[in-house]
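Architecture at a glance
Spelled out from the first residue to the last, the chains are:
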Amino acid sequence: MFRVIIIYILLYSTCMLAENKSGQINGKITDLDNKPISGVYVSINEPGISGYSDREGMYKFDGVPYGHYHITFSKTGYVSKTLSVEINNDESSFDTFLEKSLIETATIDVTSSFEAQDISQSTFSLSTLNLKSLIQERSHNLGSTIENIPGVNTITTGIGLGKPVIRGLSSNSVLVVHDGVKQESQQWGDEHAPEVSLYDLDRIEILRGPASLLYGSEGIGGVINIISKPLQFSGTDKNIVYGDVDLGGFSVNKEGTGNVMLGLGLKNIGMKGHIGIRNSGNVKTPDGTLLVNTLNTSIKDTIQGGTLSNSGINEIEGGVTLGYRGSFGYIDAGFETFNREIQMHDPDPLATGNQKLNTNQFEVSGNFQLSKKFHLETILSYQIHNRKEYETTADKEMDSPNLFWKLTNFQGDIRLHNDFKKDLSGTFGLSVTNMVNKSLGIEKLIPNFNSTSFGVYGFEKYNINKFTFSAGLRYDFKKDNIEYTIMDKDSLGNITKQINPRSINLSAFSGSFGIVYRPNDMIDLFSNVGRGWRAPSEFELYVDGVHEGTGRVERGIITQSPDASPVPESSLNLDLGIRTRFKNIYAEISLFNNVVNDFIYPSPTNEIDPDSGLPIYNVKQDRSTFRGIEYSFQYQPISYLLLSINGDYVFTNNQATNSPLPFTPPMKNIIGIKFQKQNIGPFYNPYLKMSVRIVSPQNDVDPLETTTAGYALLSIGLGMDLIFPKTIASFDFNVDNAGDVKYVDHLSRYKMYALNPGRSFNLKITVPFRL
């Protein structure tokens, strides 16, 4: 920690010697009738400065360092807008207008280049959940919150755990990034979901396709970039106090949620903290029975509906952030904690298996304005992750875990951003990661290890007339040191299984080239070809034994063949797409083809372990293909009506067996209709919406995987904003699975013995405030 402090002092001193200047940004926001718009969320993306317009439509930010920025303006009922601006005076004014519209689209892209850019310049397929959408869509977990986005699905373990799937890829192939830090909380398990808070967020960006160029190993399928609300500063001698109160409830599992965020903004110093809870009981599924398919196509099983025993969840999460802004840039320091206790449902109603998870993260980040053309971004983080899996409640009470892993992870990123000239910009970077894992439970499953990896990369973007070109190259190296580990002993204490030390070195080049052609301001034609890579995880190499969380016996690549020489996955992905933004119509279509050499996946063997009675799965590597289409259409025929349809289809093929890969998502379509007025009496933005999620049968399956039937789910929602003297509170009520349909989802890990959740009445209340 002392070294970190010294580094930041040196960077701060360098920027002070550079005599960077800062100025004020202000402006007025009006509608097309030149009437001021209050309550518009204004965000200067690069330094992370945000605020709201006042009753006169005015906004103002002091102490903004000279440089090039993107300012985003957004408010429910209006088309969001992003301005590209240059700050080189003591005072810069940028007036703008917003058009009324119910169509919601992304206007900014940070994930694909580390730097904010207008979405029309992005060569990637990308979707965004903005602040308002997050409030309405926030669900039980990250996976279920984003699963309606085209190209995104979720592997579920009951209602509490959702593991995101992008274009048919999941686990270590999908990277979750929270405020610049990769989340490394043992993501190799099917039931190991991301452990991140869904509160105090500004937006979530989902990039579909390989992102190894910017993020290194992993992310071969895509990136989920979670961006927190920035700290606020007064910019004057008058301090500001601000915050949010969020409350929620879900009837299907008697779940209650709550979060409180409180912040203080001084002239150049900002601080905030938040604490949240989530508590639920057992999940209720529709009453009655449902026939489901088995491996024997002539035989069906019967699943009984009702309450799922041992399926509750408890969470406590929180964090604090402290930051300083000046003409040099900014420095932030933060701490986040996430604690989750999960009950793991089992066909045996007396089973009480459960898990206890704890993740603590420390982060120091900074952005230093070296000159008008260069600024340096640094992110240093340290994560401590504990995962304990218990066979019974009694084991948890005695803190006697069957499986217990303690993972520590240090990450360091240094990025030099450049604006060589107005139309040429990019990033050169260096990243370093060190991970140490200890297997401390009764059973080990994986050995102790420590690994170190580093990567160097460069990425540049060039705009010329109607074209945008992007290109980059990266080199990564990973050294994996497997430590001597006693895996098992007999009743007399004699060693019966051990792992001997071994060093595994892996390296790879990755890169991408993209182009956007804009024939006019309303159409973007984009394409990207990229090479990604992923190193096999230690679990995939060495797993050997019963994994209670997945309900199977698993055997890794080296477990099956001790002399095996592991090779990383490598992919070549091609994207083609179009985005259109007409006044009343928005459409986006993306086609992709992703060929992954040495794809790593768990394959069922059709064998049963005689001791545990569980099915045996072997981790295998084969050349595989993923191809498909994603689409999103929005049409506003009249001022208060929005029609939408979005969906996706993915085809997978294991070229070694010429059969689909396990857990391939079925095709889905979501058809929606929304009525929303500007205001009705005291209610602002009142809306009524209905949608039908149509999921096709999945008959294209691995030979040792069961097929599943299709289903259609109706959702109904309504809500409004209420304007108070110093805040705008939002109320959102919706009913999921309104028809209480009996179904099993193909990506449910309970699909052989439990129904998916039934009808749920959900309420969300959000009250921001500013004093």
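From a predicted model like this one, the values you see are computed outputs, not experimental measurements. (Residues numbered from 1 in each chain as written. Predicted model: local features only at pLDDT ≥ 70, side-chain atom pairs only at ≥ 80, totals over all residues. Heavy atoms only, no water.)

**A look at the overall build of the protein chain**
As a reminder, the rule being used: Only runs of H or I of at least four residues qualify as helices and only runs of E of at least two qualify as strands under DSSP, and these elements are numbered from the N terminus. Note on exposure labels: buried denotes an accessible area under 20% of the residue type's maximum, exposed denotes more than 50%, and partly exposed covers the range between, all computed with a 1.4 Å probe on protein chains only. Throughout, a residue-residue contact means that at least one pair of heavy atoms, one from each residue, lies within 4.5 Å. Residue exposure ignores everything except the shown protein chains as possible cover, and the areas themselves are Shrake-Rupley values with a 1.4 Å probe. Positive charges are assigned to Lys and Arg, negative charges to Asp and Glu, while His and the chain termini are left out of the count. Here the site of a charge means NZ on Lys, CZ on Arg, CG on Asp, or CD on Glu.
For the protein chain, the helix and strand inventory stands at seven helices and 46 strands. Taken along the three principal axes of its C-alpha coordinates, the protein chain extends 75 × 55 × 50 Å. Looking at the protein chain as a whole, 59% of its 771 residues are labelled buried. Counted over contacts in the protein chain with a minimum sequence separation of 6, partners at least 24 positions apart contribute 65%. Accessible surface for the protein chain amounts to roughly 30,900 Å². Of this, 59% is attributable to carbon and sulfur atoms. Taken together, the 69 basic and 83 acidic charged side chains of the protein chain have centroids lying 5 Å from each other.

**Focus on the environment of Gly681**
Relative to the helices and strands, Gly681 is located in the loop between strand E42 (679-680) and strand E43 (683-695). Its relative accessible area of 63% is what places Gly681 among the exposed residues. For the pair Gly681 and Pro286, spaced 395 residues apart in the sequence, the C-alpha separation amounts to 39 Å.

**With respect to the nonpolar core**
It is characteristic of soluble globular proteins that their nonpolar side chains tend to be buried jointly. This is how it is decided: By nonpolar core we mean a set of buried residues, namely Ala, Val, Leu, Ile, Met, Phe, Trp, Tyr and Cys, connected to one another through side-chain atoms within 4.5 Å.
The biggest cluster of nonpolar side chains holds 22 residues, and the ones touching the most others in it are Leu445, Ile504, Leu541, Tyr542 and Val543. Put simply, the parts of the chain that give this core at least two residues each are strand E27 (403-421), strand E33 (502-520), helix H6 (538-542) and helix H7 (557-560). Among residues more than four places away in sequence, those in contact with Leu541 are Ile504, Pro536, Gly556, Ile557, Ile558, Thr559 and Pro566. In terms of nonpolar packing, the next biggest core, distinct from the first, is built from 20 residues, Val64, Tyr66, Leu98 and Tyr684 among them.

**Regarding a negative patch on the surface**
For clarity, the cut-off: Patch definition: residues above 30% relative accessible area lacking any salt bridge, with like charges linked at up to 9 Å and the nonpolar side chains Val, Leu, Ile, Met, Phe, Trp and Tyr linked at up to 5 Å. Any Lys or Arg side-chain nitrogen found within 4 Å of a carboxyl oxygen on Asp or Glu counts as a salt bridge.
A cluster of acidic side chains, namely Glu391, Glu443, Asp488 and Asp490, defines a negative patch on the protein surface. When you line up the elements, Glu443 lands in the loop between strand E28 (424-439) and strand E29 (449-464). A relative accessible area of 31% places Glu443 in the partly exposed class.

**Re the packing of aromatic side chains**
To keep things clear, this is the line we draw: For Phe, Tyr and Trp, where Trp contributes only its six-membered ring, two rings pair if their centres lie within 6.5 Å, and the inter-plane angle classes them as stacked under 30 degrees, edge-to-face over 60, or tilted in between.
Scanning the model with the defined rule gives 16 aromatic pairs in all. Plain terms: the ring middles of Phe454 and Phe477 are 5.9 Å apart, the flat faces sit at 40° to each other, and that makes the pair tilted. Of the two residues, Phe454 is situated in strand E29 and Phe477 in strand E30 (residues 467-482); the sequence distance between them amounts to 23 residues. Taking the relative accessible area as the measure of exposure, Phe477 reaches 24% and is therefore partly exposed. Between Phe599 and Tyr601 the ring centres are 5.9 Å apart and the planes differ by 10°, which places this aromatic pair in the stacked class. Its relative accessible area of 8% is what places Phe599 among the buried residues. Judged by its relative accessible area of 5%, Tyr601 falls in the buried class.

**Examining the confidence of the model for the protein chain**
Basically, it comes down to this: On a scale of 0 to 100, pLDDT captures the predictor's confidence in every residue.
For the protein chain, per-residue confidence averages 88 on the pLDDT scale, and residues scoring 70 or more make up 95% of the total. The low-confidence segment residues 10-18, where pLDDT is below 50, has 14 contacts with residues more than four positions distant or belonging to other chains.

**Quick notes on the sheet that holds strand E6 (residues 81-87)**
For clarity, the cut-off: In short, DSSP must find at least two bridges between two strands for them to pair. In this analysis, axes come from line fits to C-alpha atoms, helices being fitted only over the stretch in contact, and the angle between any two N-to-C directions falls in the range 0 to 180 degrees.
Spatially, the four strands line up as an open sheet ordered E3-E2-E5-E6, and their pairing is antiparallel. The sheet is open, and its two borders are formed by strand E3 (49-52) and E6, each paired with just one other strand. Across the sheet, the axes of successive neighbouring strands diverge by a mean angle of 20°, strand direction being ignored.

**A closer look at the pattern of salt bridges**
Oppositely charged side chains may form a pair once their charged atoms are brought near each other. Summed over the entire model, instances satisfying the criterion amount to 32 salt bridges. Across the pair Lys284 and Asp287 runs a salt bridge whose closest N-O atoms are separated by 3.1 Å. Overlapping salt bridges bring together Arg167, Arg208, Asp575 and Glu630 as one network.

**Overview of the pairing of strand E45 (residues 727-736)**
Sheet analysis places strand E44 (residues 711-724) next to E45, joined by nine bridges and oriented antiparallel. Its bridge partner lying in E45, Gly717 is registered against Asn734. Counted between consecutive antiparallel strands, the loop separating E44 from E45 contains two residues.

**With respect to the sheet that holds strand E15 (residues 181-182)**
On the basis of which strands lie adjacent, the open sheet formed by five strands has the order E11-E16-E17-E14-E15 and mixed pairing. Strand pairing shows two members of the sheet lacking a second neighbour, strand E11 (125-129) and E15, which therefore form its edges. Sheet analysis places strand E14 (residues 174-178) next to E15, joined by two bridges and oriented antiparallel. Each residue of the ladder has a partner; that of Val177, found in E15, is Lys182.

**So, a nonpolar patch on the surface**
On the surface, Ile638, Tyr640, Phe675, Leu688, Met690, Leu714, Ile716, Leu718, Phe733, Phe761 and Leu763 cluster together into a nonpolar patch covering about 850 Å² of accessible area. Residue assignment for the nonpolar patch shows that the elements contributing at least two residues are E43, E44 and strand E46 (760-770). The biggest single contributor to the nonpolar patch is E44, with three residues. Along the chain, the position of Phe761 falls in strand E46. Residue classification places Phe761 among the partly exposed positions, given a relative accessible area of 43%.

**Examining the environment of Pro164**
With respect to the helices and strands, Pro164 occurs in strand E13 (residues 161-166). Given the relative accessible area of 4%, Pro164 is considered buried. With 18 residues separating them along the chain, Pro164 and Ile146 place their C-alpha atoms 8.1 Å apart.

**Re the side chain of Ser43**
Mapped onto the elements, Ser43 comes out in strand E2 (residues 41-44). Sequence-distant contacts of Ser43, defined by excluding residues within four places in its chain, comprise Ile49, Ser50, His70, Ile71 and Thr72.

**Re the environment of Gly276**
Examined against the element boundaries, Gly276 turns out to sit in strand E20 (residues 269-280). Along the chain, Gly276 and Asp740 lie 464 residues apart, while their C-alpha atoms are 30 Å from each other. Sequence-distant contacts of Gly276, defined by excluding residues within four places in its chain, comprise Gly258, Asn259, Glu315, Ile316 and Glu317.

**Some words on the pairing of strand E16 (residues 201-208)**
Taken across its eight residues, E16 has eight buried, putting it largely inside the fold. Where E11 lies against E16, five bridges are found, and the strand directions are antiparallel. What sits directly across from Thr128, in E16, is Glu205. Where E16 meets strand E17 (residues 222-228), seven bridges bridge the pair, whose relative direction is antiparallel. Within E17, the position partnered with Arg208 by the bridge is Gly222.

**Notes on the side chain of Asn618**
Put simply, the rule reads: A 3.5 Å cut-off defines polar contacts: any pair of N or O atoms within that distance qualifies, except that in protein one atom must be a possible hydrogen donor and the other a possible acceptor, and neighbouring residues in sequence count only when both atoms are side-chain atoms.
Along the chain, Asn618 falls in strand E39 (residues 615-638). For Asn618, the side chain forms a polar contact with the side chain of Arg555, separated by 2.8 Å. Ignoring sequence-local partners within four residues, the contact set of Asn618 consists of Arg555, Gln560, Tyr601, Pro602, Ser603 and Thr605.

**Let's talk about unusual backbone geometry**
In this structure, Asn34 takes a positive phi of about 65° despite not being glycine. Tracing the sequence through the fold places Asn34 in the loop between strand E1 (22-30) and E2. If you check the backbone angles, Asp598 has positive phi at about 60° while not being a glycine.

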